[in-house]
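# Observations on the model geometry
Listed below are the residues making up each chain.
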Amino acid sequence: RDLVRSRGLGDVYKEGVDLHLEENEFLYKDLINSDVIDEDGNSLGKIIEIERGASLLIKVNGSKKFYIPYVDEYIIKFDLNNKKLYTKNAKDLIF
């Protein structure tokens, strides 16, 4: 089973072969190897792992490894075609 993320609809589980994704939907695994871009257009690194628990955490490998919670406070949008995750305030998470 794959996990589909749709902004505003929460998480939906479906069998991978049955997926008919809408324009704003994607699989969490689609985030892997995507570039993470901050609000100034700078690259913060690449997504190397997705951790699911009480909330979704995106592990980024940049100048340092760090996590970004997948919440509106940090995520602007995900561009699946160009494999880019646009973020805000995420550079504040790098220690």
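Preceding block: the structure.
Heads up: these notes are all about the structure in this document.

## Some thoughts on the pairing of strand 6 (residues 56-61)
Relative to strand 6, strand 5 (residues 43-52) runs antiparallel, the two sharing six bridges. In the sheet register, I47 faces strand 6, and the bridge partner there is V60. Hairpin connection, strand 5 to strand 6: the antiparallel pair is bridged by three residues. Here five bridges tie strand 6 to strand 7 (residues 65-69), and the two strands are oriented antiparallel to one another.

## Topic: the pattern of salt bridges
Taken as a whole and assessed by the stated rule, the structure comprises four salt bridges. Measuring nitrogen to oxygen at the nearest pair gives 3.6 Å for the salt bridge that ties D35 to K84. Here the residue D35 occupies a position in strand 4 (residues 35-37), and K84 occupies one in strand 9 (residues 84-87), the gap between them amounting to 49 residues. A relative accessible area of 25% places K84 in the partly exposed class. Look at the salt bridges and you will find they share partners, linking D35, K46 and K84 into a network.

Calculation notes
- Residues numbered from 1 in each chain as written.
- Predicted model: local features only at pLDDT ≥ 70, side-chain atom pairs only at ≥ 80, totals over all residues.
- Heavy atoms only, no water.
- Pairing = 2+ DSSP bridges.
- Helix = DSSP H or I, 4+ residues; strand = E, 2+ residues; numbered from the N terminus.
- Salt bridge = Lys/Arg side-chain N within 4 Å of Asp/Glu carboxyl O.
- Buried < 20%, exposed > 50% of the residue type's maximum accessible area, 1.4 Å probe, protein only.

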